[in-house]
Protein chains: 4
Amino acid sequence: MTQSILRVDPSSAEPLFAQLVAAVKRAVATGKLRPGDKLPSVRELAAELTINPNTIAKAYAALEGEGVTVSRHGSGTFVADRRVTLRRPEQKRRLREGLDALLSDAVHLGLSEDDVREEFDDAMKRVRFEGDAEERKP
Amino acid sequence: MTQSILRVDPSSAEPLFAQLVAAVKRAVATGKLRPGDKLPSVRELAAELTINPNTIAKAYAALEGEGVTVSRHGSGTFVADRRVTLRRPEQKRRLREGLDALLSDAVHLGLSEDDVREEFDDAMKRVRFEGDAEERKP
Amino acid sequence: MTQSILRVDPSSAEPLFAQLVAAVKRAVATGKLRPGDKLPSVRELAAELTINPNTIAKAYAALEGEGVTVSRHGSGTFVADRRVTLRRPEQKRRLREGLDALLSDAVHLGLSEDDVREEFDDAMKRVRFEGDAEERKP
Amino acid sequence: MTQSILRVDPSSAEPLFAQLVAAVKRAVATGKLRPGDKLPSVRELAAELTINPNTIAKAYAALEGEGVTVSRHGSGTFVADRRVTLRRPEQKRRLREGLDALLSDAVHLGLSEDDVREEFDDAMKRVRFEGDAEERKP
DNA sequence: GTGGTCTAGACCACA
DNA sequence: GTGGTCTAGACCACG
């Protein structure tokens, strides 16, 4: 099941470990991984993605640092219960910055306002916010 | 006037030249810089930001490579007329990827669906899509 | 093996990095380098050509910007899979401009129509268009 | 009449003076300018193109250096009788290099062999080789 | 004065 | 080991 979720593109400019972090966070954000779910072991995932185990370990460490996962000695790495660490103004500031960068890029790509609104609505359907109902997505 | 637009944070993880590229693109996308406007000269901006001129030059070269600006030897660097080179499916693909990453982050930040919609609408007001009315923003 | 492909003429008016870019693109276009092939490392090639590593890096960055190569941090620079990003009218416009300039030069060089046709046919045999058979040229 | 022939694009990466040189050579190659025809004066052309007269003078000097034009004191600059200065092997070598570069670019642009042949034939119709009939093109 | 190229050498991040 | 960033400083070409 994880093989369909955690993918990585070696040709991307984004570092492999960062791609992994993003993939796990996205899986959590979309409900494909839920609190308590176990992530594959470092060695397992390294073999599956044909990636250096150090790279996996680095990604897992970063995820734990962000509070997305917790690792329990001897049993593995698990999705953590959601906890919010940043203060609300800081949360919004980050979102705002990301949005500005994204929309600026969209303009330079030549997309129209309608294009952007449409894709935004689609993307919103793909994520599950905190209070959303909890049926796991296929 | 440019000193209020082109800023850079030396302590950021993002490379200086990339910050500059993003800043110029955003200024163009928001209408603060318009086609034909002249950017500060390499040396001028280098002095203003206390950055090495080569770093500015690298940013300007990247901008020209993306078609955002044109550099005229002997006279300076100018905002280019907008031209779209990518094909539409590719444009949308990039937007979609950016949106997924952003919304996934938003979820992990602990923001609600309403928060995101609100910030999105605000951000949309700050950019000027092709065909928008052309009054320059203050 | 690369020493026979990537050459540079320091006395030429063309910038060194641009010569390198052209050499790599030609090697790809003629099938001497194929998607997935690894280019020499920056330092390696710098030593071989007795050129500053920064100059090589600049060429590689330009190639990546054009989508000819992909650079993977920690592992090297590789020939990218071919992907076309420009729109067809733009593609043709560029070709047309190049042809006009070239033929105009040919006339001024004193060459005949037959000379040009003959050299054109020869040159066409040296490149491999998309979809051509894939045997690597010696 | 020259206003329709000698055009220049300030946004191009090619230096203005080089664009002028190319434009004159192309006009000669296509028969729009013939041996003996007078070019506009430096000041005249500078005014017409709103370009620095030094730039025009530089282009005219380069053209004279290449033997494309001759300047007669007090009367102006004229298209020279065609004379070939390079040796034939050198001529062909230059053409070959230009063709290789052009076709390599065409491949990277994503054009097909048929596209290139078609555009080549079109471009050949636009130039007038040495022995061609001499009716001036409109 | 403008941008562009190149060198030299330091330092960082990724795998 | 790989590529990427940044600085410092020299030199060139264009207008």
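Note that the structure is predicted; figures quoted are calculated from it, not measured.

Rules used throughout
Residues numbered from 1 in each chain as written. Chains lettered and ligands numbered in written order. Predicted model: local features only at pLDDT ≥ 70, side-chain atom pairs only at ≥ 80, totals over all residues. Heavy atoms only, no water. Helix = DSSP H or I, 4+ residues; strand = E, 2+ residues; numbered from the N terminus. Buried < 20%, exposed > 50% of the residue type's maximum accessible area, 1.4 Å probe, protein only. Areas by Shrake-Rupley, 256 points an atom, 1.4 Å probe, with all protein chains shown as cover. Lys, Arg positive; Asp, Glu negative; His and termini not counted. Charge placed at Lys NZ, Arg CZ, Asp CG, Glu CD. Near = heavy atom within 4 Å. Polar contact = N/O pair within 3.5 Å; in protein donor to acceptor, adjacent residues only side chain to side chain. Least-squares fit on C-alpha atoms with pLDDT ≥ 70 in both. Contact = heavy atoms within 4.5 Å. Salt bridge = Lys/Arg side-chain N within 4 Å of Asp/Glu carboxyl O. Buried area = accessible area lost by both parts, 1.4 Å probe. Nonpolar A, V, L, I, M, F, W, Y, C, P; charged D, E, K, R; others polar. Axes fitted to C-alpha atoms, helices over the stretch in contact; angles between N-to-C directions. Parallel < 35°, antiparallel > 145°, perpendicular 65-115°, else oblique. Left-handed = near helix turned anticlockwise from the far one by under 90°. Pairing = 2+ DSSP bridges. pLDDT = per-residue confidence, 0-100. Phe/Tyr/Trp six-rings, centres within 6.5 Å; stacked < 30°, edge-to-face > 60°.

### Some details on the overall build of chain A
Next up, step 1: Check the secondary structure of chain A and you find six helices and two strands.
Next up, step 2: Helices and strands in chain A line up, N terminus first, as α-α-α-α-β-β-α-α.
Next up, step 3: A total of 138 residues make up chain A; the buried ones form 41% of that total.
Next up, step 4: Of the roughly 7500 Å² of accessible surface on chain A, a fraction of 50% belongs to carbon and sulfur atoms.
Next up, step 5: The positive charge centre, built from 23 side chains, and the negative charge centre, built from 23, are 6 Å apart in chain A.

### Quick look at the protein's contact with DNA strand E
Next up, step 1: As a matter of local geometry, DNA strand E sits amid 25 residues, with Leu 16 of chain A together with Leu 16, Asn 52, Asn 54 and Thr 55 of chain C nearest to it.
Next up, step 2: Counted by atom, the contact set of DNA strand E within 4 Å of the protein is 61% sugar and phosphate.
Next up, step 3: Within the contact set of DNA strand E, a phosphate oxygen lies 3.0 Å away from a backbone nitrogen or oxygen of Val 42 of chain B.
Next up, step 4: Side-chain polar atom of His 73 of chain C to a base nitrogen of DNA strand E: 3.3 Å apart, as the coordinates give it.
Next up, step 5: Of all elements in the fold, only α2 (16-29) and α4 (53-66) of chain A, α2 (42-49), α3 (53-65) and β2 (76-79) of chain B together with α1 (16-29) and α3 (53-65) of chain C reach the threshold of two or more residues within the surface near DNA strand E.
Next up, step 6: Broken down by element, the surface near DNA strand E gets its largest block of residues, three residues, from α3 of chain C.

### Quick word on the relation of the copies chain A and chain B
Next up, step 1: Between chain A and chain B, which share one sequence, the superposing operator has a rotation angle of 179 degrees and an axial displacement of 0.1 Å; the RMSD is 0.4 Å. Interpreted geometrically, this transformation is the action of a two-fold axis.
Next up, step 2: Interface overlap between copies: 96% of the residues of chain A at the interface are likewise at the interface in chain B, consistent with a symmetric, same-surface contact.

### Here we look at the pattern of salt bridges
Next up, step 1: The tally for this structure, following the rule as stated, stands at 56 salt bridges over all chains.
Next up, step 2: Between Glu 66 of chain B and Lys 25 of chain B there is a salt bridge, with its nearest N and O atoms 2.7 Å apart. Taken together, the residues span a long stretch of sequence, with Glu 66 of chain B in the loop between α3 and β1 (69-72) and Lys 25 of chain B in helix α1 (residues 16-29) at a distance of 41 residues.
Next up, step 3: A relative accessible area of 46% places Glu 66 of chain B in the partly exposed class.
Next up, step 4: One continuous salt-bridge network, built from bridges that share partners, spans Arg 88, Lys 92 and Arg 96 of chain A together with Asp 115, Glu 118 and Glu 119 of chain B.

### Points about the interface of chain A and chain B
Next up, step 1: The interface is formed by 45 residues belonging to chain A together with 43 residues belonging to chain B.
Next up, step 2: When chain A packs against chain B, close to 4500 Å² is buried across both sides, 67% of that on carbon and sulfur atoms.
Next up, step 3: At the boundary of chain A with chain B, the tally comes to 16 salt bridges.
Next up, step 4: Only α2, α5 (88-109) and α6 (113-126) of chain A provide two or more residues apiece to the side of chain A that touches chain B.
Next up, step 5: Residues that form the side of chain A that touches chain B fall into these classes: 20 nonpolar, six polar and 19 charged.

### Here's the deal with the protein's contact with DNA strand F
Next up, step 1: Around DNA strand F, a shell composed of 25 residues is seen, among which Leu 16, Asn 52, Asn 54 and Thr 55 of chain B together with Arg 43 of chain C lie nearest.
Next up, step 2: Backbone polar atom of Asn 52 of chain B to a phosphate oxygen of DNA strand F: 3.1 Å apart, as the coordinates give it.
Next up, step 3: Elements represented by at least two residues in the surface near DNA strand F include exactly α1 and α3 of chain B, α2 (42-49), α3 and β2 (76-79) of chain C together with α2 (16-29) and α4 (53-65) of chain D.
Next up, step 4: The dominant element in the surface near DNA strand F, judged by the number of residues it contributes, is α3 of chain B, at three residues.
Next up, step 5: Tallied by class, the residues present in the surface near DNA strand F amount to eight nonpolar, 13 polar and four charged.

### Describing the packing of helix α5 (residues 113-126) of chain C against helix α5 (residues 88-109) of chain D
Next up, step 1: At their nearest, the axes of α5 of chain C and α5 of chain D sit 9 Å apart, and the two run at 45 degrees to each other. By the angle between their directions, the pair α5 of chain C and α5 of chain D is classed as oblique. Here α5 of chain C and α5 of chain D pass one another in a crossing that is right-handed. Where α5 of chain C approaches α5 of chain D, its residues Asp 115, Val 116, Glu 118, Glu 119, Phe 120, Ala 123, Met 124 and Arg 126 of chain C are matched on the opposing element by Arg 88, Lys 92, Leu 95, Arg 96, Leu 99, Asp 100 and Leu 103 of chain D.
Next up, step 2: Split into classes, the residues belonging to the contact of α5 of chain C with α5 of chain D amount to seven nonpolar, no polar and eight charged.

### Quick look at the pairing of strand β2 (residues 76-79) of chain A
Residue and element names in this part refer to chain A.
Next up, step 1: Here strand β1 (residues 69-72) runs beside β2; their pairing, made up of four bridges, is antiparallel. Counterpart to Thr 69 in the pairing with β2 is Val 79.
Next up, step 2: Between β1 and β2, which follow one another and run antiparallel, lie three residues, and Gly 74 among them has a positive phi close to 85 degrees.

### Describing the environment of Arg 87 of chain A
All names here are of chain A.
Next up, step 1: With respect to the helices and strands, Arg 87 occurs in the loop between β2 and α5.
Next up, step 2: Given the relative accessible area of 69%, Arg 87 is considered exposed.
Next up, step 3: Distance from Arg 87 to Leu 63, taken between C-alpha atoms, is 19 Å for residues 24 residues apart in sequence.

### Describing the confidence of the model for chain A
Next up, step 1: When the pLDDT values of chain A are averaged, the result is 89; 92% of them are 70 or greater.
Next up, step 2: Per-residue pLDDT, averaged within each element of chain A, yields its smallest value for helix α1 (residues 2-5) of chain A (59) and its largest for α6 of chain A (97).

### What about the packing of aromatic side chains?
Next up, step 1: One pass over the structure, following the stated rule, counts two aromatic pairs over all chains.
Next up, step 2: Ring geometry for Phe 120 of chain C versus Phe 120 of chain D: centroids 3.6 Å apart, planes at 0 degrees, classification stacked. You can see Phe 120 of chain C sitting in helix α5 and its partner Phe 120 of chain D sitting in helix α6 (residues 113-126), one on each of two chains. We note that Phe 120 of chain C, like Phe 120 of chain D, is buried.

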